[in-house]
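Understanding the architecture of this molecule
Residue-level listing of the chains:
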Number of protein chains: 2
Amino acid sequence: MLQRIDFETQSGVPMYRQLHEQIKSAIKMGRLVPGEKLPSMRQLAGSLGLNRTTVAAAYELLEAEGLIRSHVGRGSFVQAPPAAGQARLDWESLIPGEEVPPAPSTSGALISFSASRPSEFLFPLDEFRATCREVIDSADAVQILQLGPASGYSPLRRHLLNEAQHRGIAGPEDDLLVTSGCQQAFDLIQRVLASHGETVILEDPVYPGLRNAFVRGGARVLGAPVGPEGVEVAALGRMLERERPRLMVLTPDFQNPTGATLPFEARKTILGMAQRAGVIVIENDLYGGLRYHGAEVPALKQLDNSGDTVLLGSFSKIAFPGLRVGWAIGPRHFIARLTEAKEASDLHSDQLSQAVLLRFAESGRLEAHRKRMLAAGAERLEACLGACAKELPRGSHFTRPEGGMNVWARLPAPLDASELAVRAERENVSYLPGRYFAVSRPQPHGLRLSFAGLTPENIRYGLAVLGTIFRGEMNRTRARQQDEPAPAMV
Amino acid sequence: MLQRIDFETQSGVPMYRQLHEQIKSAIKMGRLVPGEKLPSMRQLAGSLGLNRTTVAAAYELLEAEGLIRSHVGRGSFVQAPPAAGQARLDWESLIPGEEVPPAPSTSGALISFSASRPSEFLFPLDEFRATCREVIDSADAVQILQLGPASGYSPLRRHLLNEAQHRGIAGPEDDLLVTSGCQQAFDLIQRVLASHGETVILEDPVYPGLRNAFVRGGARVLGAPVGPEGVEVAALGRMLERERPRLMVLTPDFQNPTGATLPFEARKTILGMAQRAGVIVIENDLYGGLRYHGAEVPALKQLDNSGDTVLLGSFSKIAFPGLRVGWAIGPRHFIARLTEAKEASDLHSDQLSQAVLLRFAESGRLEAHRKRMLAAGAERLEACLGACAKELPRGSHFTRPEGGMNVWARLPAPLDASELAVRAERENVSYLPGRYFAVSRPQPHGLRLSFAGLTPENIRYGLAVLGTIFRGEMNRTRARQQDEPAPAMV
């Protein structure tokens, strides 16, 4: 039964909303039960001293929400609550399933080799806080909070472009677009260059976010095999001639997932092949700043005297992945089209993070932090390679990266990295099996070990657990093979 | 001539890079001139005490940059600088022009009615700074800086969903995705629902960013006419029956650019029509929180008992447009697909701004600021409507919004709002003419007056300038018409 209705006349909430809320609450609390008749609008308006249209508005809202039902001449009644999921549209058939495999859900394992990202224990929190304070206390705060240009926060754009020019990465014909991380750069490039089923060559295996951006956009995606020295030049050359792709995306330094680096000569050969075939080269330079040892190799963009290579960079792998700031550098005309696509996508990237990362870079804190990351990364890479050599079963192969965040291992047949990942998860250790990174070739024996987010101790402990599982399975397999009855001699 | 080369052995810059840099600098400064022969690699290596491969790497880089050219047996020579724009790819023909008209470049006018955004003079800077400090000093900072979920920063998602449930906007079957402003929500909806040329109905005129997101994605976009009471229900009904669109996007409160609000009855009628036609309703609730007077009308999402309506919201219009945080609320299955598209687009939205806006909302500062924005908006709207009545030429019409940021005016024929915008710009006043907002109907006489970013004084002054231009042109037109010789009587 509807007992009492109290109005707060000073609250600013309209009367019909207050009335609606209180009747709704009475229904939810069971003070009004399904089938119960509500007072007529005239009665209720009279008893509460309200206009009848106010009561009518409240009743209409209750009816629209399915809480009451009105019958002409009979009055309004409390409805039984609707069964869950009573949507009128069949969303499942309206939006059919994608063919792209979904990204793996975040693992709950204690020791996770699954994510190619820095450890949060290495975040320079004090420096971040100081930087942030400097930014918000500055007079630039107003500009940061107002709508900005699609091309990026201008002081950051200028800084990045100057730096790229200084390093010989950007030439006089180049321009720069700030993106929301490298992922958005992949996405915008798909839209501008490959939105009508164009052929795109990616490294195989490759980072799934890169593959998915192009596959979702309907591009014809082909994988060029990656060996210990990066993409295989001869195979790539044959593909360029045969397939005449629109573009290719390469990660010359510390490729994800293999960690491989493309040698100087291979870079030059590929640039020549691309130029002859008229293929656009996209250089994903996400990990380039994280070389732990060995000699630096010039970027494709630096070696390319045509100026046509497009280079993608980001702060995410060195500084703070949760602040989404990356960039694309390339020929002016191309960057202009990319900027239009960016504007239609999300107007512009968040300016607070752009300003904070600019200040972080200009103050020298980024470079100081990068040096610490190099020391930490070198230690972790060494731990990972040492543990791989010690723990992986005989017949395994693994890459020996000189930087970045990932080592790629290949288990001896018939070990299946996907099946074993399930078992490892039960022992609280996770990694991503090769199939997540596959483009044209299944990678049943492959697995990615992302070492950057773990301590050296956990890397060693985690690999000891994995080694026990892998070797155990190997021994069982051999035992099974020996148990098999020998085939009849014919 | 190559005079002297100095190396900084402590700088960490590889020798070949230092050598490359110095020769390059010598070429740029004219100390080495085109055609001049460089020392042989052997000579230079010997005189500098370097390994020959180091010199070779520097020379290769110079050659790749087109600065020198090596001839077998003859040596290396300084090249003439290449002509500008010597890219080997023809970018213009590779990426042909879009059919979408580009957004107008930011006006340099002193008084700009062009941008539908709050005035930066009203930004609560002290509150923003305090909020920011609370966020970065909290223990959550680490989580904010690390990679997060595609669906949004979890504490913000929970807050927004709770609030929407509390307001009766979100039901138990609804879920929420944080987007980078409303623009990204439009874009993701295009990708999930209209990426294969599906028919989409938009209001006409409409915000160009909304139209462009769908047109660029290849949707078949049709405009439903908007009158002083929002979209015309009868016309919309006929379109739904005839065109069977996949979806329609409506802005029931203070539509951009017209400022019109859809009445309660029209909302219910449209929901019924959409349900019968099986059309997905997207409700753009960008301005809903900015009602300056008049009674609140329930949102479509609130009135829709099927639960199928998708509602889009944002912090941009009330708080800080430079922080790009919006959201979409809708049926769980749909939001899951939208979240997949979001992940492929940019992994997730920037977390620092998400955390700052959450704290701004939870601390009560957002609501206090909204109250101040309501007072400021009411004053500005009143100034704008008063000045329109006083200044616009006889025969003009203009809308009388109850909130939001925009008034839509229609000048009497034959006045052309685009032509007059050029003249107004010369007098340091700018506005966006109707054609920017056109979907299916040209809007030659229409213009949008965005009043929220200006002071009442500037609104009055700017409209006085516009009125003088418009009335002057009207008088000249009449005079010309009277001067025309009368047609011969036949």
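The rules behind the values
Residues numbered from 1 in each chain as written. Chains lettered and ligands numbered in written order. Predicted model: local features only at pLDDT ≥ 70, side-chain atom pairs only at ≥ 80, totals over all residues. Least-squares fit on C-alpha atoms with pLDDT ≥ 70 in both. Contact = placed C-beta atoms within 7 Å. Buried ≥ 20, exposed ≤ 12 C-beta atoms within 10 Å, placed from the backbone. Helix = DSSP H or I, 4+ residues; strand = E, 2+ residues; numbered from the N terminus. Pairing = 2+ DSSP bridges. Nonpolar A, V, L, I, M, F, W, Y, C, P; charged D, E, K, R; others polar. pLDDT = per-residue confidence, 0-100. Axes fitted to C-alpha atoms, helices over the stretch in contact; angles between N-to-C directions. Parallel < 35°, antiparallel > 145°, perpendicular 65-115°, else oblique. Left-handed = near helix turned anticlockwise from the far one by under 90°. Core = buried A, V, L, I, M, F, W, Y, C linked by C-beta atoms within 7 Å. Expected span 1.5 Å × (residues − 1). Arc of directions from axis to C-beta. Right-handed = clockwise from strand over helix to strand, strands pointing away.

**Focus: the relation of the copies chain B and chain A**
If you rotate chain B by 180° and push it 0.1 Å along the axis, it lands on chain A with an RMSD of 0.2 Å. Taken together, the turn and the small shift mark the pair as related by a two-fold rotation axis. Relative to the rotation axis, the closest C-alpha in chain B is found at Asp-350 of chain B, a distance of 3.4 Å. Looking at chain B, 99% of its interface residues are interface residues in chain A too, so the copies touch through the same face.

**Here we look at the pairing of strand E13 (residues 406–410) of chain A**
Residues and elements named next belong to chain A. In terms of burial, E13 is a largely internal element, 4 of the 5 residues being buried. Sheet topology note: the E13/strand E16 (residues 446–450) ladder contains 5 bridges and is antiparallel. If you follow Arg-410 over to E16, its bridge partner there is Gly-446.

**Let's talk about the interface of chain B and chain A**
Taken together, the contact pairs 76 residues of chain B with 77 residues of chain A. For the side of chain B that touches chain A, the secondary-structure elements that each account for two or more residues are helix H3 (52–64), helix H4 (91–94), helix H5 (125–137), helix H6 (141–145), helix H8 (181–193), helix H9 (208–216), helix H13 (332–346) and helix H14 (351–362) of chain B. Its residues assigned to classes, the side of chain B that touches chain A comprises 37 nonpolar, 20 polar and 19 charged.

**What about the environment of Glu-134 of chain B?**
Of note, Glu-134 of chain B is situated in helix H5. Placed 213 residues apart in sequence, Glu-134 of chain B and Leu-347 of chain B show a C-alpha to C-alpha distance of 26 Å.

**Points about unusual backbone geometry**
Cis peptide bonds are those with omega within 30 degrees of zero, and the linkage from Asp-204 of chain A to Pro-205 of chain A qualifies with 5°. Following the sequence through the fold, Pro-205 of chain A ends up in the loop between strand E5 (199–204) and helix H9 (208–216). Of note in the backbone geometry, Phe-254 of chain B takes a positive phi value of approximately 55° without being a glycine. Residue placement: Phe-254 of chain B occurs in the loop between strand E8 (247–250) and helix H11 (264–277).

**Describing the confidence of the model for chain A**
In this model, chain A carries a mean pLDDT of 91, and residues with pLDDT of at least 70 account for 94%. Reported confidences for the modelled complex are a pTM of 0.83 and an ipTM of 0.82.

**So, the sheet that holds strand E9 (residues 280–284) of chain B**
Residues and elements named next belong to chain B. Read from one edge of the open sheet, 8 strands run E4-E11-E10-E9-E8-E5-E6-E7, paired in mixed fashion. Only two strands of the sheet have a single partner each, and these edge strands are strand E4 (174–179) and strand E7 (230–231). Of the pairings in the sheet, the one linking E9 to strand E10 (residues 310–314) comprises 3 bridges and is parallel in character. Looking across to E10, one finds that Glu-283 is bridged to Leu-311. In this fold helix H10 (residues 233–243) packs onto strand E5 (199–204), strand E6 (220–227) and E7, with an angle of close to 160° to the strand it touches most, E6.

**So, the sheet that holds strand E15 (residues 432–433) of chain A**
Residue and element names in this part refer to chain A. If you trace the 4 strands from one edge of the open sheet to the other, you get E12-E13-E16-E15, paired in antiparallel fashion. Looking at strand neighbours, the two that pair on one side only are strand E12 (397–398) and E15, the edges of this open sheet. Each of E12, E13 and E16 is contacted by helix H15 (residues 365–391), which is oriented at about 10° to E13, the strand it contacts most.

**Quick notes on the packing of H8 of chain B against H9 of chain B**
Residue and element names in this part refer to chain B. Packing of H8 against H9 brings their axes to within 9 Å, and their N-to-C directions diverge by 25°. Overall, the two elements H8 and H9 adopt an arrangement that is roughly parallel. Every pair of crossing elements has a handedness; the one defined by H8 and H9 is right-handed. Each of Gln-183, Phe-186, Asp-187 and Gln-190 in H8 lies in contact with H9, whose residues at this interface are Gly-209, Leu-210, Ala-213 and Phe-214. For the contact of H8 with H9, a count of residues per class yields 4 nonpolar, 3 polar and 1 charged.

**Brief notes about the nonpolar core**
Judged by nonpolar contacts, the single largest core of 281 residues is most densely connected at Phe-451 of chain A together with Ala-328 and Phe-451 of chain B. Not counting the four nearest positions on each side in its chain, Phe-451 of chain B is found in contact with Phe-113, Arg-380, Leu-381, Cys-384, Met-405, Val-407 and Ile-459 of chain B.

**Considering helix H7 (residues 154–166) of chain B**
Residues and elements named next belong to chain B. Helix length check: H7 (13 residues) gives 18 Å between terminal C-alpha atoms against 18 Å at 1.5 Å per residue, within 8%. Those residues of H7 lying buried are Leu-156, Leu-160 and Ala-164. Relative to the axis of H7, the buried residues are bounded by an arc of 65° and lie together on one face. For H7, exposure combined with an orientation more than 90 degrees from the buried face picks out Asn-162 and His-166.

**Some details on the packing of helix H16 (residues 417–426) of chain A against helix H17 (residues 456–483) of chain A**
Any two packed helices are characterised by the angle at which their axes cross and by the distance between the axes. Residues and elements named next belong to chain A. Following both chains from N to C, one finds H16 and H17 inclined at 130°, their axes separated by 10 Å at the closest point. One way to sum up the angle between H16 and H17 is to call them oblique. Considering the relative orientation of H16 and H17, their crossing is right-handed. Between H16, through Leu-420, Arg-423 and Ala-424, and H17, the contact on the second element is made entirely by Val-465, Leu-466, Ile-469, Phe-470 and Glu-473.

**Points about the pairing of strand E8 (residues 247–250) of chain A**
Residues and elements named next belong to chain A. Burial along E8 is two-sided: the face carrying Leu-247 and Val-249 and the face carrying Met-248 and Leu-250 are both buried. Across 3 bridges, E5 lies against E8 in parallel orientation. Of the residues in E8, the one forming a bridge with Ile-201 is Met-248. In terms of strand pairing, E8 meets strand E9 (residues 280–284) through 4 bridges, oriented parallel. Residue pairing for E9: Met-248 is matched across the bridge by Val-281. Crossover handedness for the path E8 to helix H11 (residues 264–277) to E9: right-handed.

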